[in-house]
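# A look at the structure
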Amino acid sequence: MATHKLLLLPGDGIGTEVMAEVKKVMSWLDAQGIASFAIEEDLVGGAAYDSCGLPISEEAMAKAFAADAILLGAVGGPKWANVPYEARPEAGLLRLRKDLQLFANLRPALCYPALADASSLKRELVEGLDLLIVRELTGGVYFGEPKTITDISDGQKRAVDTQVYESYEIERIARVAFELARTRRGKVVSTEKHNVMKTGVLWKQVVSEVHGSEYSDVTLEHQLADSCGMQLVRAPKQFDVIVTDNLFGDILSDVAAMLTGSLGMLPSASLGGVEEISGKRRALYEPVHGAAPDIAGKGLANPIAMVGSLAMALRYSFGQIEAADRVEAAIAGVLAAGYRTGDIYSEGMTRVGTAGMGDAIVAELGKAA
Ligand code: NAD
């Protein structure tokens, strides 16, 4: 059995609490001989700033480059509100994403049947929902130049943002989406605004070319981004993989997230390119939620997004699909059995804290073994 080199960066606030629970799951997988991990651990965010005056140290960056995958908890909190801008906790996370060139952001929206009533949509529309948004993360209008606000005449100002995409950026994100669709239900919806934007015209053309030459076994559909937003709240189960640019992906992934209930449930991944020598794809897995300073240190945080992030690492970095399915089934199992942290609690359920939820997931894994 291959040993996976994993770097754990718990970070700040509830990051350290939820990371403790994912360690229990890793120990269980290791003890059962299902997956073997060589674990390194380091500091990021405010914790790193307190220790070395930087939001991530050079040693931690070196470990990140050496790892097969990184699991990150969360960074930030009011304690570091006044540190210099370049040393703020979020800068540690941004440096990781930038230096590792993580250009593909994966945001799954999974609706566990036991939580379908927590969605703002009707149960029948979301029960069993399982879609994946693949968002381009390093290009587009957030980074394009010129990006300015200038004075014009009569006290008026003009603001300019620039949406730029080159074909290689679209090709590589399209490939990630098609590869992922092959491991799922084989369908990709590509979304842009080719009716009003030149970047949309190029996006549609390049995605179609990559599809035609390399992935004709996958079904490809094009939808305008506004129409895709409408379809996401009308009939979300029609989607398998959605691939889109940075701006539309930012919006559509938050819409998809709210179909499923709490922030504490949502894992994510950021992937880079495949390295020529090792054949490995750089990858960082983290919950969508932040450091939640309002509940930090109280043992109240929901660790499911963090455990789900490990399941994503097993699936997308380590090719351990069965183990990933098993971890996700254990999450579904504890929810079906009525275990709830405060953020997803409803009348008549069994209220547990962070450690209680972690223990319940490990016990559920044990039942299925
Ligand atoms: P947040 O996600 O930390 O919290 C939003 C709300 O959701 C809070 O009420 C919190 O208690 C609740 N919540 C979040 N995760 C939860 C969980 N696992 N279980 C139960 N409840 C949970 O967002 P925020 O309050 O806007 O930000 C707090 C800090 O986290 C800020 O410093 C922000 O910059 C940082 N942040 C970091 C990341 C990251 O590390 N990727 C992401 C978002 C925010």
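Residues numbered from 1 in each chain as written. Predicted model: local features only at pLDDT ≥ 70, side-chain atom pairs only at ≥ 80, totals over all residues. Heavy atoms only, no water.

## A look at the site of the ligand
Rules: We call a residue near a molecule or strand as soon as one heavy atom of that residue lies within 4 Å of the molecule or strand. Distance and chemistry together define a polar contact, namely a pair of N or O atoms within 3.5 Å, with one atom able to donate a hydrogen and the other to accept it when in protein, and with adjacent residues in sequence counting only for side-chain atoms on both sides. Surface accessibility follows the Shrake-Rupley procedure with a 1.4 Å probe radius. Residue values consider only the protein chains on display as shielding. Charged residues are taken to be Asp, Glu, Lys and Arg, nonpolar residues to be Ala, Val, Leu, Ile, Met, Phe, Trp, Tyr, Cys and Pro, and polar residues to be all remaining types, Gly included.
Surrounding the ligand, one finds 20 residues, the nearest of these being Glu-90, Gly-290, Ala-292, Asp-294 and Asn-302. Separating an oxygen atom of the ligand from a backbone N or O atom of Gly-290 is a distance of 2.7 Å. When isolated, the ligand has an accessible area of 810 Å², and the protein chains bury 66% of it. Of the residues in the shell around the ligand, the class split is 10 nonpolar, 6 polar and 4 charged.

## Topic: the environment of Ala-324
Selection criterion: Elements are defined by DSSP. Helices are runs of H or I of four residues or more, strands are runs of E of two residues or more, and each kind is numbered from the N terminus. Here, residues are in contact when the closest pair of their heavy atoms is within 4.5 Å.
When you line up the elements, Ala-324 lands in helix α11 (residues 321-336). Distance from Ala-324 to Leu-314, taken between C-alpha atoms, is 5.5 Å for residues 10 residues apart in sequence. Those residues in contact with Ala-324 that sit more than four places away from it in its chain are Ala-311, Leu-314 and Arg-315.

## Quick look at the packing of helix α6 (residues 167-182) against helix α7 (residues 198-214)
What counts, and what does not: In this analysis, axes come from line fits to C-alpha atoms, helices being fitted only over the stretch in contact, and the angle between any two N-to-C directions falls in the range 0 to 180 degrees. Roughly parallel covers angles under 35 degrees, roughly antiparallel covers those over 145, roughly perpendicular covers 65 to 115, and oblique covers all other angles. Definitions for this section: a left-handed crossing has its near helix turned counterclockwise from the far helix by less than a right angle. A right-handed crossing has that turn clockwise.
Contact geometry of α6 with α7 gives a least axis separation of 9 Å together with a crossing angle of 50°. Between α6 and α7, the angle falls in the class oblique. In the crossing of α6 with α7, the sense of the turn from one axis to the other is right-handed. Along its contact with α6, which presents Ser-167, Ile-170, Glu-171, Ile-173, Ala-174, Arg-175, Phe-178 and Arg-182, the element α7 presents Leu-202, Trp-203, Val-206, Val-207, Val-210, His-211 and Glu-214. Within the contact of α6 with α7, the residues separate by chemical class into 9 nonpolar, 2 polar and 4 charged.

## Regarding the UniProt feature "binding site: substrate" (unreviewed entry) in the chain
Note the threshold: UniProt positions are given in the numbering used here, feature names are shortened, and annotations may be inferred rather than shown by experiment. Only protein chains enter the accessibility calculation, which uses a 1.4 Å probe; a residue whose area is less than 20% of its type maximum is buried, one above 50% is exposed, and one in between is partly exposed.
What UniProt calls "binding site: substrate" (unreviewed entry) maps, in this numbering, to Arg-97, Arg-107, Arg-135 and Asp-226. In terms of the greatest pairwise C-alpha distance, the residues named above, spread along 130 residues, do not form a single cluster, extending to 28.2 Å across. Among the residues examined, Arg-97 registers a relative accessible area of 25% and is labelled partly exposed. Leaving out residues up to four positions away in the same chain, Arg-97 has contacts with Leu-102, Leu-137, Ser-270 and Glu-286. Excluding its chain neighbours within four sequence positions, the residues that come into contact with Arg-107 are Leu-131, Leu-132, Ile-133, Ser-253, Asp-254, Ala-257, Ser-268 and Val-288.

## Let's talk about the pairing of strand β3 (residues 69-74)
Cut-off, in case you're wondering: Pairing between strands is defined by DSSP: at least two bridges between the two strands are required.
Within β3, 6 of the 6 residues are buried, leaving the element largely enclosed by the surrounding structure. In this structure, strand β1 (residues 3-11) lies alongside β3, joined through 5 bridges in parallel fashion. Paired with Leu-6 across the bridge in β3 is Ala-69. Looking at chain direction, β3 and strand β12 (residues 281-287) are connected through 2 bridges and run parallel. In the sheet register, Leu-71 faces β12, and the bridge partner there is Tyr-285.

## Some thoughts on the environment of Pro-84
Tracing the backbone through its elements, the reader meets Pro-84 in the loop between β3 and α4 (89-99). Residues Pro-84 and Gly-53, spaced 31 residues apart in sequence, show a C-alpha to C-alpha distance of 9.9 Å.

## What to know about the packing of aromatic side chains
Put simply, the rule is: Each Phe, Tyr or Trp ring, with Trp reduced to its six-membered ring, pairs with another whose centre is within 6.5 Å; inter-plane angles below 30 degrees give stacked pairs, above 60 give edge-to-face pairs, and intermediate values give tilted ones.
Tallying each qualifying case throughout the model produces 3 aromatic pairs. Considering the side-chain rings of Tyr-165 and Trp-203, the 5.5 Å spacing of their centres and the 75° angle between planes classify their relative orientation as edge-to-face. Placement of Tyr-165 in the loop between β7 (157-160) and α6 and of Trp-203 in helix α7 is noted, with a sequence separation of 38 residues between them. Both residues of the pair, Tyr-165 and Trp-203, count as buried. With 5.0 Å between their ring centres and 20° between their planes, Phe-178 and Tyr-215 make a pair best called stacked. In this pair, Phe-178 is assigned in helix α6 and Tyr-215 in the loop between α7 and β9 (219-224), connecting sequence segments 37 residues apart. Across the pair, Tyr-215 and Phe-178 agree in class, each one buried.

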